[in-house]
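If you want the building blocks of each chain, they are given just below.
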Amino acid sequence: MTAPLVGVFALQGDVREHLRALEACGAAAVAVRRPAELAGLAGIVLPGGESTTMSKLAVAFDLLEPLREAVRGGLPAYGSCAGMIMLADAVLDGRPDQETVGGIDMTVRRNAFGRQVDSFEADLHFAELAGPAVHAVFIRAPWVESVGEQVRVLGTVPGPDGGEARIVAVRQGNLLATSFHPELTGDTRVHHYFVDIVRGQV
Amino acid sequence: MDRESHPTSPDYLSVRSELSSTSAQPSVPESAAGVTGVTGTARVKRGMAEMLKGGVIMDVIDPEQAKIAEDAGAVAVMALERVPADIRRDGGVARMSDPDMIDGIIAAVSIPVMAKARIGHMVEAQVLQSLGVDYIDESEVLTPADESHHIDKWAFTVPFVCGATNLGEAVRRISEGAAMIRSKGEAGTGNVVEATRHMRQIRADIRRLTTMDETELYAAAKEHQAPIEVLREIAELGKLPVVLFTAGGIATPADAAMMMQLGAEGVFVGSGIFKSGDPAKRAEAIVKATTFFDDPDVIAKVSRGLGEAMVGINISTLPESERFAGRGW
């Protein structure tokens, strides 16, 4: 099987960790900072980082529109944390001028779990993944406030208020997003799942 | 290097046990019944710094500057009482920022807010944690509060960044719990020569480690005055186990890009922005140059029309007593 070419949006964030995880899953991974570098990609990952910075740089370097077009045109995409925000159609608690790539019919609340002192690790059940629970790392993480009918919820954790379960993993068609950072744990199952989406196998 | 494996120093017990009931140790949120949600782990502390990579963190003294920094694309702001250039000019004791000012900065921006505490001043750090800052810089730019000891950073939920001039210093800080390292440079000078020296030194020290056998690593531990366990980890990884940023004297987009080419994973800019002619424009240019650090066309483009850079100081004219980089032990 040939290795699919998967890009990692590389204007800012933990790009290296995603490149490494994708390579470990049999993809050919490449950093993307310029519109021309989108050519030939079979999928793209939007990494963790600061979503306001990513948004601003994507506009300034003319990457946002081509990326929107590519995602609208069916390019599989996976976003972790800030990347989840970038794939959301609507953002709460963002900057007024914050632009997203969009594509997933969901509303995401930025920094919803709190500030850095509230960042946490927790095990969660990730639908579609075999094996033990996914050990998830949440860093100033967003959660999904609401989803449209086309969106499948793949994982939740209890909210900080103890009550309501919060959505932290979703899929809509070829688009995947998690509030947490699988690229930080060495468990590559989420990236494998995305590469399988890229290959059209799941 | 988990918090749990770190020995407790007896003379610190009373403070530590009190802290542990609230925030010091990794704790399960009471609310998260049935879930193993753990805060303050080495992984979430170091992971936070991973998310800042490729970005610029800007010194700010008030909410207005913080907004300018956020508008320019900063990944975080660093709250401090005075920028280093003013600390140099005014002299006196430089301390943690006023809590009201920090509250104001936190309220003004949505990006992470860091704040500086004096070296060894664990109570300033406790206050900053209680205010909800996202990262603490135990910084040589402020007047040291302890001339032998740094803060026991494992005792906190909030992560710390510390400065270093060489590998030994970086590893000592990591062994005390720092979750991020930055080169010290010479803050408030607008002169990158010291940041260059420190980045080159740290990277060269790491490269040498990777060629050593086990016996040589023991000798290296003596040479660097640093724990063998962390050095062994660095020798295997070929990099620090935490993110390495640069700081101290960065004043232009080209300075920032140079530090990135020397192996920095991101950039702190202090006086360089708000002591220049057009802070908003310069801040944005430094952000862009950091992202495209290897593309001279972009750096050339963003370097145009920035107005005056901060004047700067020749380090060789600075008396030893006025150099910040020598602070830290």
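Residues numbered from 1 in each chain as written. Chains lettered and ligands numbered in written order. Predicted model: local features only at pLDDT ≥ 70, side-chain atom pairs only at ≥ 80, totals over all residues. Heavy atoms only, no water.

Caption draft 1: Examining the overall build of chain B more closely. If you tally the helices and strands in chain B, you get 14 helices and 9 strands. Across the 329 residues that make up chain B, the buried fraction comes to 60%. By sequence separation, contacts in chain B at least 24 residues apart represent 66% of the contacts at least 6 residues apart. Accessible surface computed for chain B: about 12,600 Å², of which carbon and sulfur atoms make up 51%. (Helix = DSSP H or I, 4+ residues; strand = E, 2+ residues; numbered from the N terminus. Buried < 20%, exposed > 50% of the residue type's maximum accessible area, 1.4 Å probe, protein only. Contact = heavy atoms within 4.5 Å. Areas by Shrake-Rupley, 256 points an atom, 1.4 Å probe, with all protein chains shown as cover.)

Caption draft 2: Region of the structure containing the pairing of strand 4 (residues 113–118) of chain B. Residue and element names in this part refer to chain B. For strand 4, a buried count of 6 out of 6 residues is recorded, marking the element as mostly surrounded by other parts of the structure. As judged from the 3 bridges shared by strand 3 (residues 76–79) and strand 4, these two strands associate in the parallel manner. For A79, the partnering residue across the bridge sits in strand 4 and is A115. As judged from the 5 bridges shared by strand 4 and strand 5 (residues 135–139), these two strands associate in the parallel manner. (Pairing = 2+ DSSP bridges.)

Caption draft 3: Region of interest: unusual backbone geometry. All names here are of chain A. At C81, a position not held by glycine, the phi torsion is positive, near 60°. Of note, C81 is situated in the loop between strand 4 (77–80) and helix 4 (82–87). Even without glycine at this site, R140 takes up a positive phi of about 40°. Along the chain, R140 falls in the loop between strand 8 (134–138) and strand 9 (143–147). Using a relative accessible area of 7% as the deciding quantity, one classes R140 as buried.

Caption draft 4: Focus on the side chain of E50 of chain B. Within the secondary structure layout, E50 of chain B lies in helix 2 (residues 42–50). Ignoring anything within four residues of it in the chain, the contact list for E50 of chain B reads G13, D14, R16, E17 and L184 of chain A together with V243 of chain B.

Caption draft 5: Expanded view of the state of the cysteines. Tallied over the full model, the rule gives 0 disulfides over all chains. The thiol of C25 of chain A is not disulfide-bonded; the next cysteine sulfur, from C81 of chain A, is found 19 Å away. (Disulfide = S-S within 2.5 Å.)

Caption draft 6: Highlighting the sheet that holds strand 8 of chain A. With respect to topology, 3 strands assemble into an open sheet ordered 8(A)-7(A)-1(B), the strand pairing being antiparallel. Looking along the sheet, the strands with just one partner apiece sit at the ends: strand 8 of chain A together with strand 1 (38–39) of chain B. Pairing between strand 7 (residues 120–124) of chain A and strand 8 of chain A: 5 bridges, direction antiparallel. If you follow D123 of chain A over to strand 8 of chain A, its bridge partner there is H135 of chain A.

Caption draft 7: The arrangement of the nonpolar core in detail. Core analysis: the largest hydrophobic core is formed by 110 residues, its most contacted members being F9 and M106 of chain A together with M58, V77, I181, L209 and L240 of chain B. Dropping the residues within four chain positions of it, I181 of chain B is found in contact with V161, C162, A164, A170, R173, I174, L240, V242, V243, L244 and F245 of chain B. (Core = buried A, V, L, I, M, F, W, Y, C linked by side-chain atoms within 4.5 Å.)

Caption draft 8: Structural view of the packing of helix 7 (residues 167–175) of chain B against helix 10 (residues 228–237) of chain B. All names here are of chain B. Two numbers describe how helix 7 lies on helix 10: the axes approach to 10 Å, and their chain directions differ by 115°. When the axis of helix 7 is compared with that of helix 10, the two are roughly perpendicular. In this structure, helix 7 crosses over helix 10, and the sense of that crossing is right-handed. Across the interface between the two elements, L167, V171 and I174 of helix 7 pack against V230, L231 and I234 of helix 10. Tallied by class, the residues present in the contact of helix 7 with helix 10 amount to 6 nonpolar, no polar and no charged. (Axes fitted to C-alpha atoms, helices over the stretch in contact; angles between N-to-C directions. Parallel < 35°, antiparallel > 145°, perpendicular 65-115°, else oblique. Left-handed = near helix turned anticlockwise from the far one by under 90°. Nonpolar A, V, L, I, M, F, W, Y, C, P; charged D, E, K, R; others polar.)

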